[in-house]
Amino acid sequence: MEFNFLAVLVAALSSFVVGFIWYNPKVFGTIWMREVGFTQEQSGKGNMYKIFGLTFVYSFMVAFMMPALVIHQMGALSMIGGPTFVETAKPSYLAFMADYGDAFRTFKHGALHGFISGVFLALPIVSINGLFEQKSWKYMAIQAGYWIVLMTIMGSIVCGWK
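In what follows, the accompanying structure is described. No experiment lies behind these values; they were computed from the predicted model shown.

Focus on the overall build of the chain
So, point 1. In terms of regular secondary structure, the chain is built from eight helices and zero strands.
So, point 2. Secondary structure elements of the chain, listed N to C terminal, follow the sequence α-α-α-α-α-α-α-α.
So, point 3. Projected onto its principal axes, the C-alpha coordinates of the chain cover approximately 60 × 30 × 25 Å.
So, point 4. Taken across its 162 residues, the chain has 35% of its residues classed as buried.
So, point 5. A separation threshold of at least 6 residues defines the contact pool for the chain, and within that pool the share at least 24 residues apart is 81%.
So, point 6. Charge separation in the chain, taken as the distance between the mean sites of 10 positive and 7 negative side-chain charges, equals 11 Å.

And the structure:
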């Protein structure tokens, strides 16, 4: 099974599309700015090259890990030591991949696992940080919601794009 770099790249770029919609003033942007204590003017004062550049790097890191979270066959591949060991794998691995190589490799299944990953990884991380930063529940819901939606979309892209 080949690593689909293009799917990971597109999944990483999807963070900009989701963020553009999610944090739009007509969606959650106005509420988010109020909860953070930002004004429209303050939000535009940051170094946009740094913000968007690092956003892409970090989004790529999340997308890079998505195959391990949403593609079942990655577990079998990791059991033999990774792609470099496919040639020397036991016949049972080759038989498994022949039978199940494309099983559950759909956009829908990837979305399910991406959603589960968002709920069980992003939600607790965002909420723990929010609790210690003494942020409101609205803030935590907006932030966690963004990550749940994004990871759902990333999982869909990474799993379904063969």
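Here we look at the packing of helix 1 (residues 5–22) against helix 8 (residues 137–160)
So, point 1. It is the contact of helix 1 with helix 8, at a shortest axis distance of 9 Å, that shows an interaxial angle of 145°. Seen from above, helix 1 lies across helix 8 with right-handed handedness. Each of Ala7, Val8, Val10, Ala11, Ala12, Ser14, Ser15, Val18, Gly19 and Trp22 in helix 1 lies in contact with helix 8, whose residues at this interface are Ile142, Gly145, Tyr146, Val149, Leu150, Ile153, Met154, Ile157 and Val158.
So, point 2. When the residues that make up the contact of helix 1 with helix 8 are grouped by side-chain class, the tally is 15 nonpolar, four polar and no charged.

Points about unusual backbone geometry
Keep in mind that most residues, glycine aside, have a negative phi and that most peptide bonds are trans.
So, point 1. Unusually for a residue other than glycine, phenylalanine 104 sits at a positive phi of about 60°.
So, point 2. Among the structural elements, phenylalanine 104 can be located in the loop between helix 6 (91–100) and helix 7 (107–132).
So, point 3. One non-glycine residue, glutamine 134, adopts positive backbone phi at about 55°.
So, point 4. For glutamine 134, a relative accessible area of 72% corresponds to the exposed category.

Conventions used here
- Residues numbered from 1 in each chain as written.
- Predicted model: local features only at pLDDT ≥ 70, side-chain atom pairs only at ≥ 80, totals over all residues.
- Heavy atoms only, no water.
- Helix = DSSP H or I, 4+ residues; strand = E, 2+ residues; numbered from the N terminus.
- Buried < 20%, exposed > 50% of the residue type's maximum accessible area, 1.4 Å probe, protein only.
- Contact = heavy atoms within 4.5 Å.
- Lys, Arg positive; Asp, Glu negative; His and termini not counted.
- Charge placed at Lys NZ, Arg CZ, Asp CG, Glu CD.
- Axes fitted to C-alpha atoms, helices over the stretch in contact; angles between N-to-C directions.
- Left-handed = near helix turned anticlockwise from the far one by under 90°.
- Nonpolar A, V, L, I, M, F, W, Y, C, P; charged D, E, K, R; others polar.

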